[in-house]
Amino acid sequence: MTTPVISYSPLIAPHGVVEPELILQWLREEDPARLEELFAEADRVRRQTVGDAIFLRGLIEISSHCVRACGYCGLRAANTGLTRYRMSEEEILTCAHEAKELGYGTVVMQAGEDPELTGAFVAGLIRRIKQETGLAVTLSLGERTRAELEAWREAGANRYLIRFETSNEELFRRIHPTPAGIGRNRFEVLRDLRELGYEVGSGVMIGIPGQSYADLARDIELFRTLDLDMIGTGPWLEHPDTPLASFARLPEGEQVPSNEDMTYKVVALARLSCPLANIPATTALATINKANGRELGLQRGANILMPNVTPVKYRALYQIYPAKACVDETARQCQGCMSRRIRSIGREPGAGAGPSPNMTRRGVEDGSAG
Ligand code: SAH
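Draft legend 1. Main features of the site of the ligand. Around the ligand, the surrounding shell holds 16 residues, and the nearest of these are Tyr72, Ala111, Arg163, Glu165 and Leu237. Between arginine 163 and the ligand, the recorded distance is 3.0 Å, taken from a side-chain N or O atom to an oxygen atom. Take arginine 186: an N or O atom from its side chain is 3.0 Å from an oxygen atom of the ligand. Isolated, the ligand exposes 550 Å² of accessible area, and the fraction of that covered by the protein chains is 92%.

Draft legend 2. Layout of the pattern of salt bridges. The final tally for this structure, using the stated rule, is 32 salt bridges. Arginine 300 serves as the salt-bridge partner of glutamate 36, at 3.6 Å between the closest nitrogen and oxygen. A residue pair is termed long-range when its members are at least 10 positions apart, and glutamate 36 in helix H2 (residues 32-49) and arginine 300 in the loop between helix H11 (293-298) and strand E7 (304-305) qualify at 264 residues. Judged by its relative accessible area of 14%, arginine 300 falls in the buried class.

Draft legend 3. Spatial organisation of the packing of aromatic side chains. In the structure shown here, the tally under the stated rule is five aromatic pairs. Measuring from centroid to centroid gives 4.4 Å for tyrosine 85 and tyrosine 314, while their planes differ by 10°, and the two rings are stacked. Placement of the pair is tyrosine 85 in the loop between strand E1 (53-63) and helix H3 (89-101) and tyrosine 314 in helix H12 (residues 312-315), with a sequence separation of 229 residues. Look at tyrosine 85 and you get buried, because its relative accessible area is 4%. Residue tyrosine 314 is classed as buried on the basis of its relative accessible area, which comes to 11%. Ring centres of phenylalanine 164 and phenylalanine 223 lie 5.9 Å apart, and the angle between their planes is 55°; this geometry places the pair in the tilted category. Of this pair, phenylalanine 164 sits in the loop between strand E4 (159-161) and helix H6 (169-175) while phenylalanine 223 is found in helix H8 (residues 213-225), placing the two residues 59 residues apart along the sequence. By the burial criterion, phenylalanine 164 is buried, and phenylalanine 223 matches it. Chaining the aromatic ring pairs together yields one cluster made of Phe164, Phe187 and Phe223. Across from the ring centre of tyrosine 8, 5.6 Å away, lies the NZ or CZ of arginine 224, which sits over that ring.

Draft legend 4. Here's a closer look at the environment of alanine 268. Among the structural elements, alanine 268 can be located in helix H9 (residues 260-273). Between the C-alpha atoms of alanine 268 and arginine 144, which are 124 residues apart in sequence, the distance is 31 Å. Setting aside residues no more than four positions away along its own chain, alanine 268 makes contact with Leu38, Phe39, Ala42 and Arg300.

Draft legend 5. Inspection of H3 at higher detail. In a regular helix each residue adds 1.5 Å, so 13 residues correspond to 18 Å; H3 covers 18 Å between its end C-alpha atoms and thus fits that length. When H3 is considered as a whole, its buried residues turn out to be Ile92, Leu93, Cys95, Ala96 and Ala99. Seen end-on, H3 carries its buried residues on one side only, within an arc spanning 160°. Opposite the buried face of H3, at more than 90 degrees from it, the exposed residues are Thr94 and Glu101. Buried residues along H3 sit against E1, strand E2 (106-111) and helix H4 (119-133). Trailing H3 by a residue or two, glycine 103 shows a phi angle of about 95°, which is positive.

Cut-offs used in this document
- Residues numbered from 1 in each chain as written.
- Predicted model: local features only at pLDDT ≥ 70, side-chain atom pairs only at ≥ 80, totals over all residues.
- Heavy atoms only, no water.
- Near = heavy atom within 4 Å.
- Polar contact = N/O pair within 3.5 Å; in protein donor to acceptor, adjacent residues only side chain to side chain.
- Areas by Shrake-Rupley, 256 points an atom, 1.4 Å probe, with all protein chains shown as cover.
- Salt bridge = Lys/Arg side-chain N within 4 Å of Asp/Glu carboxyl O.
- Helix = DSSP H or I, 4+ residues; strand = E, 2+ residues; numbered from the N terminus.
- Buried < 20%, exposed > 50% of the residue type's maximum accessible area, 1.4 Å probe, protein only.
- Phe/Tyr/Trp six-rings, centres within 6.5 Å; stacked < 30°, edge-to-face > 60°.
- Lys NZ or Arg CZ within 6 Å of the ring centre and 35° of its normal.
- Contact = heavy atoms within 4.5 Å.
- Expected span 1.5 Å × (residues − 1).
- Arc of directions from axis to C-beta.

The structure is reproduced here in structure tokens:
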């Protein structure tokens, strides 16, 4: 069988092969005219590879309980200033039905690392959502065991999101302590997910204190070598009740800023590096530019939005960072807002589940597509 070959943009692969040095150069680029070129190219590639449809994923934040100590995240166990919640099966099902009524093709269930969300509970949930709504199911529940990932796949889960956060191992250890017996290596989780037939999503935070330009360029290279189906990235947002707020930054010129422009560069370079991936304009991006961050992300490489369908009474409690966009809106209001934003840039909401075209490509390559 002939292998479909991905051709890369000359902006990162002038001789047909991606040159990592060019990714680093683009991350450092400040000239507005050159950046417009990068953004226009990412938009062109996006149109060519994944088209104009914007797929909507209804996000349900099912539990804010967490046993971990991530230095960046407001849900960390040591943060005692937070009221914790865990949604019941019926509450989650109600949200899934609402997502379906609002026309979304997928629900994403995300949570802190919460052992009370047992393998059996989550498997039961997945089965009911599939039976009652037929929606695609994405999970984002942290570093779970292979046995759990396998059981959830068997129950019908389609996709899994777990960011590697940074490819700098030393930095990752600092921001993501993993005491013996807790958690798993995220790259092993990603490998398990691939073997189990999930659509695999990962990504990073942009501007973590201690993250260099070279680190971020390697992150983007890794998106490509991991052959990711989905890539979620967003600016690191300082949460005052977390250790990262006081972490040392690198010297000026080495430290990646956690700002909007850097986020667009990463979205655009992710699109050029992984032309067939599904790439969201994330809530973190919307949080730093509430007026039109999402639209700009969608015009610079992204093709996915993740409207929140979590019940309003829980939303403010899922505070991974402060001032999160959309915390006061109902699911229906979010849907109206997202539709307006999509139409304002001349695009259209996608119909159906919107699987990653990269997954479809891999299926063709190994002959298992069907
Ligand atoms: N417990 C799951 C889900 C975490 S929330 C997991 O760890 O995979 C999903 C993502 O939010 C994280 O992967 C992280 O990249 C992002 N995030 C967490 N805290 C953040 C912060 N302070 N600023 C920006 N993004 C953050």
